[in-house]
Structures are given as C-alpha cells and as structure tokens.
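# Summary of structural features
Given next are the chains, with one letter for each unit.
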There are 2 protein chains.
Amino acid sequence: MIITPMQQSLISHFGEMGSRWGLNRTLGQMYALIVLTEEPLNADQISDALLISRSNVSMGIKELKSWNLIKLHHIPGDRKEYFSAPKDIWEIARTLIIERRKRELDPTLSTFRDALLQDPANEADKYTQQRVQDMHDLMEMVTIWSTELQNMSSDKLSTLLKLGSGVGKILDAKEKFLKK
Amino acid sequence: MIITPMQQSLISHFGEMGSRWGLNRTLGQMYALIVLTEEPLNADQISDALLISRSNVSMGIKELKSWNLIKLHHIPGDRKEYFSAPKDIWEIARTLIIERRKRELDPTLSTFRDALLQDPANEADKYTQQRVQDMHDLMEMVTIWSTELQNMSSDKLSTLLKLGSGVGKILDAKEKFLKK
DNA sequence: CTGAATTTTCAGTAATTACTGAAAATTGTA
DNA sequence: TACAATTTTCAGTAATTACTGAAAATTCAG
C-alpha cells in the first residue's frame, strides 16, 4: 500500500477537515484513503498507510460502519475483511445527510417538543417557547427535506442540485404550475 | 439573571449538541442563553448564568462574533456591551449556512482544485482524480445552492422549505415549464 | 490627560478526547 | 474440536482542547 503525494495531500486535508466535522482526524484520513483507492483495503493496509495502530483502525472502522459509509468485501482464501466506499458519490452524500440528521437534528427536535409541552412558568418561559417554536418549525422542515432527499434517486438528486442558481426561478415555475 | 428550569434544559441540550457541531459545549450554551432570552445580555450576566469565568465568556463572544451570530447593543449610561441574537430565525439559519460553507466547503473545494490541476503520476492517481472530480462537482453545486439561499429573503426561504415533501413534484413541474 | 470600568489576552492547568499495546474474544479451517 | 489467524476491547497514556485567574490593554467620563 503505497500512497502517492497527491493522495497524501488529500488525506491530510480530510484529516484536518474531519475534526471540523463531527468526526476526528484519523477517521477523516481513513475515509479519504478508502474513497480515493480503487481496490478495497484491509485493516492492516490502512494501518500501514496512515501510520496508525491496528487497534485505532479497528475503532475507526467500527465508527465508519455506524455511519453506513463503508462496504465490506471478502476475498476467497483470505480471511481478512476488506473495506471500500460506494463508487457513487451521491450515495455517500445521501448517507451523510441521513446520518447527520439523525445525530444533529432528531435529538434536538425531540428536546424542542418536550419544552413546548411544558407550561410556561413565567414571561421568560413564554418568550423561550416562542423562540423554540420557531426553531422547531424550521428544523422540522429541514427534516422533511432531508427525508425527501434520502428517498431520491442519484440522478434526480443530481438534477435538483444542478438547478443551482435557478432555485428562485423554480419557485416561480411552481407558482405557475399550481395556479393551473 | 435567573434561568428557569425550561431554559436550563434547553441550554444543557445546546451544550451537548454544540460539541457535536464545530462549536464546543460552552459556546452552545452561551448561544442558547442569548437566543432564548428576550433582552440583550452583558458578559457578566452570561458568566453568572452559566457559571463560567468572565474570560471564557469573552472568548466565546469573540467566536460568536466571528460567526456573525450576535448583535451588539449599548445602553445609555452603561459602559457594558450587550448581546442578542437576531429575532428572525431565518436570519440565523442563513448565517449558519454561510459560515459553515466558508469553514467546511470552501477550503476543501480549493484542495480539490489543486489536486485536479496536478499530473497524475500513475494509475492510482488517475483513479484518485476521478473521485476528486466527482466530489468537486458535487460540492460546487452545494456551494452554488448555499449562495442562492444566502441571497434569499426570509419569506422566500420559508416558501422553499415549506415545499418539503413536494420537491419531487417541483422537479416535474420544472420539466413541464422548460418544455414550453 | 487621568484613572476607574470594562474587555481582552495569555500562560498555566484542568478536562476531554484520541491512540496504543497487550490481552481477550471471535472467526473459520483443518 | 483445536488452534492459528484475525478482530475487538480496554486500561493506561499521550495529545488536544477548553477554561481560569491574573495581568495587560482598551475605553471613556470627568
């Protein structure tokens, strides 16, 4: 498992960004390596390539599995387990949306709902509830969107994203459409 | 500065979630307190309410300022600076989108571009570049979207989000629209 | 300009998170 | 079933990140 300079710089970058996400440096590096390599890799290869301990790889793999970000492979006659990333980048993106929603949105929505069910003890609570209501409504809409994206095929997702700067126009198109 | 139990539980939750984001616990708590309180607060009040040092508040404020998440106020005859959050939740959301893009997407896009400009040294690099190209294209589209959202008024943003589960239909509407 | 009020900085320390090596558990083949 | 290959777990430690108090810097009223 030899890493080219090009790969090395991308892996380093993912390491730095990894910590800016919910992940950590090692996890970012591991996933970069897996994504950028065509052939599935086993844990020893990852350990060698990134100069991290075998046990660290094991924990990283476990985490990546919990994010549904890797596919498992078996090579006949080889007892080792091999790992790869989906070849379709949209699939990876979709998975990230789903998992981040689970981790970042869902628990918060549930906390918001709890707060909204309580009786406000005073004026401060009334104001607090107003704000929570706003945040709740927004987050719920984002959740609905992400669910929609989750069920969208890669090519439809691609079409949607490519609309890009045309989002505003689409809204107008939609109005026309609805008025008929 | 007395915190109600309802506020306390929301603040705690934001603290926990804060670390799941790029922020940290204290920053999450500080922002929760500011968002949930109607009146602007000064640094001492925040320090008292959250039981953290004055200097920690100072660093937190600095960070929140760098995220453009707080508004500054001055009360005549009082030299202290007071902080509040925008009352429009959409404004906060918009700011978050912009800032996260700056921090999470832009540097990565730039690293991708660098890699794509290099000459592939071998087959591994060729494959790596393919994957980088895919990721680049996706991220660029997300960036365009986020720029679009950034320039969208709160009510248009709201309209867009409310489409929610109708996104698929809109795409169809768009096709009809374009075919004319 | 002076000095009290306020904010910011920063070195030291505390708390948290990440990583390792050794040992335990699991897997699969003979 | 026995055992070698492989993976996972976990206690200890290293590295990183967050927090504090004291001191420095800034602000502004008189």
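This one's a predicted model, so the numbers in the text were calculated from it and none came from an experiment.

## A few points about the interface of chain B and chain A
- Across the contact, 67 residues belong to chain B and 68 residues belong to chain A.
- Taken together, both faces of the contact between chain B and chain A bury some 6400 Å²; the carbon and sulfur share is 71%.
- Looking only at chain B, the three residues that lose the most surface to chain A are B:M6, B:R131 and B:W145, adding up to 12% of its buried area.
- Counting across the chain B and chain A interface gives two salt bridges.
- For the pair chain B and chain A, the number of links is 20 residue pairs in polar contact (both at pLDDT 80 or more).

## With respect to the protein's contact with DNA strand D
- A:R54, B:T26, B:S53, B:S55 and B:R79 are the nearest of the 17 residues found near DNA strand D.
- Near the protein, within 4 Å, the atoms of DNA strand D are sugar or phosphate in 59% of cases.
- Take B:S53: an N or O atom from its main chain is 2.8 Å from a phosphate oxygen of DNA strand D.
- Elements represented by at least two residues in the surface near DNA strand D include exactly α4 (54-66) of chain A together with α2 (25-36) and α4 (54-66) of chain B.
- Among the elements that make up the surface near DNA strand D, the one with the highest residue count is α4(A) (five residues).

## A closer look at the domain arrangement of chain A
Residues and elements named next belong to chain A.
- Partitioning chain A into structural domains gives domain 1 (5-84) and domain 2 (90-179).
- Using C-alpha coordinates to define each centre, domain 1 is positioned 31 Å away from domain 2.
- In this assembly, eight residues from domain 1 lie in contact with seven residues from domain 2.
- Counting each side, the surface lost to burial between domain 1 and domain 2 is near 730 Å², with a carbon and sulfur contribution of 63%.
- By the criterion of area lost to domain 2, the three top residues of domain 1 are W21, W67 and L69, representing 63% of everything that side buries.

## A few points about the relation of the copies chain B and chain A
- The operation relating chain B to chain A is a screw motion whose rotation component is 180 degrees, with 0.0 Å of axial translation and a residual RMSD of 0.0 Å. Overall, the copies show the geometry of a two-fold rotation axis.
- Interface residue correspondence from chain B to chain A reaches 100%, placing this contact among same-surface, isologous pairings.

## A short note on the sheet that holds strand β1 (residues 41-42) of chain B
Residues and elements named next belong to chain B.
- Read across the sheet, three strands follow the order β1-β3-β2 without closing on themselves; strand pairing throughout is antiparallel. Lying at the two open borders of the sheet, with one neighbouring strand each, are β1 and β2 (71-74).
- Pairing geometry for β2 and strand β3 (residues 81-84), over four bridges, is antiparallel. Its bridge partner lying in β3, K71 is registered against S84.

## Re the sheet that holds strand β3 (residues 81-84) of chain A
Residues and elements named next belong to chain A.
- Pairing within the open sheet is antiparallel, and its three strands lie in the order β1-β3-β2. Two strands in the sheet have a free side with no partner beyond their single neighbour: β1 (41-42) and β2 (71-74).
- Two strands pair when backbone bridges link them, and β1 and β3 are joined in this way by two bridges, in the antiparallel orientation. Its bridge partner being in β3, L41 is matched across the sheet by F83.

## Focus: the nonpolar core
- With 87 residues, the main nonpolar core has A:I46 and B:I46 as its most contacted residues.
- Those residues within four positions of A:I46 in sequence are excluded, and the remaining contacts are A:M30, A:L33, A:I34, A:L41, A:V57, A:I61 and A:F83.

## Notes on the pattern of salt bridges
- Inspection of the entire model under this criterion finds 20 salt bridges over all chains.
- The partner of B:K80 in a salt bridge is B:D44, with the nearest N and O atoms 3.7 Å apart. With a gap of 36 residues between them, B:K80 in the loop between β2 and β3 and B:D44 in helix α3 (residues 43-50) connect regions that are remote in the sequence.
- For B:D44, a relative accessible area of 31% translates into the label partly exposed.
- Overlapping salt bridges bring together A:R100, A:E104, B:R100 and B:E104 as one network.

## Remarks on the packing of helix α6 (residues 123-150) of chain A against helix α7 (residues 154-163) of chain B
- The interhelical angle for the contact between α6(A) and α7(B), taken along N-to-C directions, is 45 degrees, at an axis separation of 8 Å. Between α6(A) and α7(B), the angle falls in the class oblique. The element α6(A) and its partner α7(B) pack so that their crossing is left-handed. The residues of α7(B) that touch α6(A), namely those facing A:L138, A:M141, A:V142 and A:W145, are B:S158, B:L160, B:L161 and B:K162.
- Of the residues that constitute the contact of α6(A) with α7(B), the class distribution is six nonpolar, one polar and one charged.

Thresholds applied
Residues numbered from 1 in each chain as written. Chains lettered and ligands numbered in written order. Predicted model: local features only at pLDDT ≥ 70, side-chain atom pairs only at ≥ 80, totals over all residues. Heavy atoms only, no water. Contact = heavy atoms within 4.5 Å. Buried area = accessible area lost by both parts, 1.4 Å probe. Salt bridge = Lys/Arg side-chain N within 4 Å of Asp/Glu carboxyl O. Polar contact = N/O pair within 3.5 Å; in protein donor to acceptor, adjacent residues only side chain to side chain. Near = heavy atom within 4 Å. Helix = DSSP H or I, 4+ residues; strand = E, 2+ residues; numbered from the N terminus. Domains from an automatic or database assignment. Least-squares fit on C-alpha atoms with pLDDT ≥ 70 in both. Pairing = 2+ DSSP bridges. Core = buried A, V, L, I, M, F, W, Y, C linked by side-chain atoms within 4.5 Å. Buried < 20%, exposed > 50% of the residue type's maximum accessible area, 1.4 Å probe, protein only. Axes fitted to C-alpha atoms, helices over the stretch in contact; angles between N-to-C directions. Parallel < 35°, antiparallel > 145°, perpendicular 65-115°, else oblique. Left-handed = near helix turned anticlockwise from the far one by under 90°. Nonpolar A, V, L, I, M, F, W, Y, C, P; charged D, E, K, R; others polar.

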